Amino acid sequence: MLHRSHGVAAVIFLAACADRAVTPPSVESSIPAISANAKRPEALARQVAVALRNPALRAYLRAQLQASPYPEHKLQFQTFLAANGGRALREVATENQVSKEALTAQARSAIALEVYFPVPEHRAAWTGDEQLLVATALTDDDPPIAFDTEGRRHVLDPATPPATPVLALVPVETDFSVRPVGQACLEDCGGGSGGGGTVPPPPPPAAPPPAGLYMTKSHFVQDFEGWLKGSPEFEVQILGQKGTTDSLISYQCAGEHAGGPYTFDQNNLDWSGSVLLFSKQQLDQYNVAHPNQNVRVFVIEDDDTACQIRTDPGRFQRLIAQVDSAYGRYTSGNDSSTVVTKYFGYAKSAYQIWQALAALIKSNDELVGNSVKDDIVGAFYPGYNWFVKGENNVTNGWINLVMY
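Definitions and cut-offs
Residues numbered from 1 in each chain as written. Predicted model: local features only at pLDDT ≥ 70, side-chain atom pairs only at ≥ 80, totals over all residues. Heavy atoms only, no water. Phe/Tyr/Trp six-rings, centres within 6.5 Å; stacked < 30°, edge-to-face > 60°. Helix = DSSP H or I, 4+ residues; strand = E, 2+ residues; numbered from the N terminus. Lys NZ or Arg CZ within 6 Å of the ring centre and 35° of its normal. Pairing = 2+ DSSP bridges. Axes fitted to C-alpha atoms, helices over the stretch in contact; angles between N-to-C directions. Salt bridge = Lys/Arg side-chain N within 4 Å of Asp/Glu carboxyl O. Buried < 20%, exposed > 50% of the residue type's maximum accessible area, 1.4 Å probe, protein only. pLDDT = per-residue confidence, 0-100. Contact = heavy atoms within 4.5 Å. Parallel < 35°, antiparallel > 145°, perpendicular 65-115°, else oblique. Left-handed = near helix turned anticlockwise from the far one by under 90°.

### Examining the packing of aromatic side chains
For step 1, the next point in the chain: The final tally for this structure, using the stated rule, is 14 aromatic pairs.
For step 2, the next point in the chain: With 5.7 Å between their ring centres and 20° between their planes, Tyr-60 and Phe-80 make a pair best called stacked. Of this pair, Tyr-60 sits in helix H2 (residues 55-67) while Phe-80 sits in helix H3 (residues 77-96); the two residues are 20 residues apart in sequence, bridging distant segments of the chain.
For step 3, the next point in the chain: The structure contains a cluster of three or more aromatic residues connected by ring pairs, namely Tyr-381, Tyr-384, Phe-387 and Trp-398.
For step 4, the next point in the chain: The residue whose ring lies beneath Lys-74 is Tyr-116, and the NZ or CZ to ring-centre distance is 4.6 Å.
For step 5, the next point in the chain: Directly above the ring of Tyr-384 sits Lys-217, whose terminal nitrogen or CZ lies 4.5 Å from the centroid.

Written as structure tokens, this is what we have:
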């Protein structure tokens, strides 16, 4: 096995860094960050709930949700209000006896919001009737504040959804600027009149997957996502030395919005498949630029900007320090392949400093943990070879890493 000294620590990854020699994440999301000063949009949630006394608005909302091509049938709330000549805007304003101009200003001044039924059973059960709640929260730990169609306020359990269907009005997690591929062609899709048309040529043969570090399985002990926020957004970040400093940056993200072979979408506690985390070319370039330095495989549940880590710097730092202390800093990895076998082995980390680009940035990203090789942990979990260690060195999951 490879044992290499590792100069690392952490930096909030807020924007593309100038010294990235290795390929950075390929997607820049338009999802805005949640400010630490953001206010829960309770007034808007109440107004939507009261407006849903109107059966015509309920039918319109249901049709729009069902037609949404986005995961969990989400709608961008401000766009929904303005769509179809501002139909929803007009009806919400009328039912609440406010002007359209006032409601428009209120919606624009709020953080970007999305609306949907986050609980699958609620999504399937709601037929457009008046039995629903409209709830909002900013973070996973916030008790959701809900309103019924009479405008009455309710505080919900953040751990368990109620039996009544709940329509969530929550900060945007979805990149609505990118239309899902499966829905890209809804009209004028070829074929001409009479359903004929030219048969498209067969696609070219797929290129072989690049050599590199792959994840083939993952299992987490919880989804790190409050029920009001829907399905989790697990991402794997490859963190390495920034230049010659003692700070970390993200060299590659793998996740739902990462693009290309780095794309995988884990919506529950278990996932299996094959997703590239870091190509052999990227790893070789990194090792040339950063001799005797290694990379951390770090897992987050990303509630904010896709493929970016946004969290309290002190919290990240404490997690790194706790895990490094527990395992003698053997909390990184590198290519340990030989002429006989390909292998991603454990390696040593050296630094624990997180240089922040801002004094304190807080948002919803959950730090699932730093991956540690099972040999170092001294325990084994069938089918997996790296433990994901979170705050207080708690095991939050397992992943299986292989070099191809």
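### Digging into the sheet that holds strand E12 (residues 296-301)
For step 1, the next point in the chain: As summarised here, the arrangement of the 8 strands in space is E10-E9-E12-E16-E17-E18-E8-E11, forming an open sheet in which the pairing is antiparallel. Of all the strands in the sheet, just strand E10 (248-254) and strand E11 (270-279) have a single pairing partner and so form its edges. In this sheet, neighbouring strand axes are inclined to one another by 35° on average, regardless of whether the strands run parallel or antiparallel.
For step 2, the next point in the chain: Bridge count between strand E8 (residues 212-220) and strand E18 (residues 395-403): 7 bridges; the pairing is antiparallel. Opposite Leu-213, over in E18, you have Met-403 as the bridge partner.

### Some details on the sheet that holds strand E6 (residues 153-155)
For step 1, the next point in the chain: In spatial order, the strands read E2-E3-E7-E4-E5-E6; together these 6 strands make up an open sheet with mixed pairing. In this open sheet, the two strands that pair with only one neighbour each are strand E2 (75-76) and E6.

### Points about the pattern of salt bridges
For step 1, the next point in the chain: Taken as a whole and assessed by the stated rule, the structure comprises 12 salt bridges.
For step 2, the next point in the chain: Residue Asp-375 is joined to Lys-373 by a salt bridge in which the shortest nitrogen-to-oxygen separation is 3.5 Å.
For step 3, the next point in the chain: Among the residues examined, Asp-375 registers a relative accessible area of 33% and is labelled partly exposed.
For step 4, the next point in the chain: Sharing partners across several salt bridges, the network here consists of Glu-72, Lys-74 and Glu-114.

### Let's talk about helix H1 (residues 42-51)
For step 1, the next point in the chain: In terms of burial, H1 is a largely internal element, 7 of the 10 residues being buried.
For step 2, the next point in the chain: All of the buried residues in H1 are Leu-44, Ala-45, Gln-47, Val-48, Ala-49, Val-50 and Ala-51.

### Observations concerning the confidence of the model for the chain
For step 1, the next point in the chain: In the predicted model, the chain carries a mean pLDDT of 82, and 79% of its residues have values of at least 70.
For step 2, the next point in the chain: Scored below 50 in pLDDT, residues 1-37 shows 135 contacts in the model against residues more than four places distant or in partner chains.
For step 3, the next point in the chain: For the stretch residues 356-363, pLDDT sits under 50, and the model shows 18 contacts to residues farther than four places along the chain or on other chains.

### Quick look at the packing of H1 against helix H4 (residues 100-109)
For step 1, the next point in the chain: In the contact formed by H1 and H4, the axes pass within 10 Å of each other and the chain directions differ by 135°. As the angle between them shows, H1 and H4 are arranged oblique. For the pair H1 and H4, the sense of crossing is left-handed. Residue-level contacts link Ala-43, Leu-44 and Gln-47 of H1 to Leu-103, Gln-106 and Ala-107 of H4.

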